[in-house]
Amino acid sequence: VQLQASGGGLEQAGGSLRLSCAASGRSFSYYYMGWFRQAPGKEREFVAAIGWTSGNTYYADSVEGRFTISRDKNTVYLQMKSLKPEDTAVYYCAARLGFSKLGDTYDYWGQGTQVTVSS
């Protein structure tokens, strides 16, 4: 199983970025795909998740209304708008059966992609 995250970069506050997570190696039916992030000196935190089959979505309060998670074929996307400096972090995609906000319960992880938002 492989989750390949991409799309990070440097953006100004108020700008947009789209992250992608390409999934391969197994069927992800009934899996939830999640995005997490970890800023320097901080704990990893839940950002958003989507049910691969159901399409149900969940968001952290801090990104609700600014970030949108979606999926298409074998890729999950995180569209990030109205970026803030506090969104700066390494972003990771992950997968597990059923929904959870707890990163430790996810079975599969991709490598991180750096997002830096300048003020």
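Residues numbered from 1 in each chain as written. Predicted model: local features only at pLDDT ≥ 70, side-chain atom pairs only at ≥ 80, totals over all residues. Heavy atoms only, no water.

Visitor: What's the story with the packing of aromatic side chains in this structure? I'm lost.
Guide: Aromatic ring pairs are described here by two measures, namely the spacing of the ring centres and the angle between the planes. Counted according to the given criterion, the structure contains 13 aromatic pairs. When the ring of F46 is compared with that of F99, the centres are 5.9 Å apart and the planes differ by 70 degrees; the resulting orientation is edge-to-face. Of this pair, F46 sits in strand β5 (residues 45-51) while F99 sits in the loop between β9 (89-97) and β10 (108-109), and the two are 53 residues apart along the sequence. Among the residues examined, F46 registers a relative accessible area of 8% and is labelled buried. When its relative accessible area of 28% is taken as the criterion, F99 is described as partly exposed. (Phe/Tyr/Trp six-rings, centres within 6.5 Å; stacked < 30°, edge-to-face > 60°. Helix = DSSP H or I, 4+ residues; strand = E, 2+ residues; numbered from the N terminus. Buried < 20%, exposed > 50% of the residue type's maximum accessible area, 1.4 Å probe, protein only.)

Visitor: Even after reading the chapter, I still don't get the pairing of strand β4 (residues 31-38), so can you show me in this structure?
Guide: The two faces of a sheet get side chains in turn, since along a regular strand they alternate between them. Within β4, seven of the eight residues are buried, which leaves the element mostly enclosed by the surrounding structure. The pairing of β4 with β9 spans eight bridges and is classified as antiparallel. When the bridges of β9 are listed, W35 appears paired with C93. Pairing geometry for β4 and β5, over six bridges, is antiparallel. Bridge pairing in β5 links R37 to E45. Hairpin connection between β4 and β5: a loop of six residues separates the two successive antiparallel strands, and G41 in this loop has a positive phi of roughly 80 degrees. (Pairing = 2+ DSSP bridges.)

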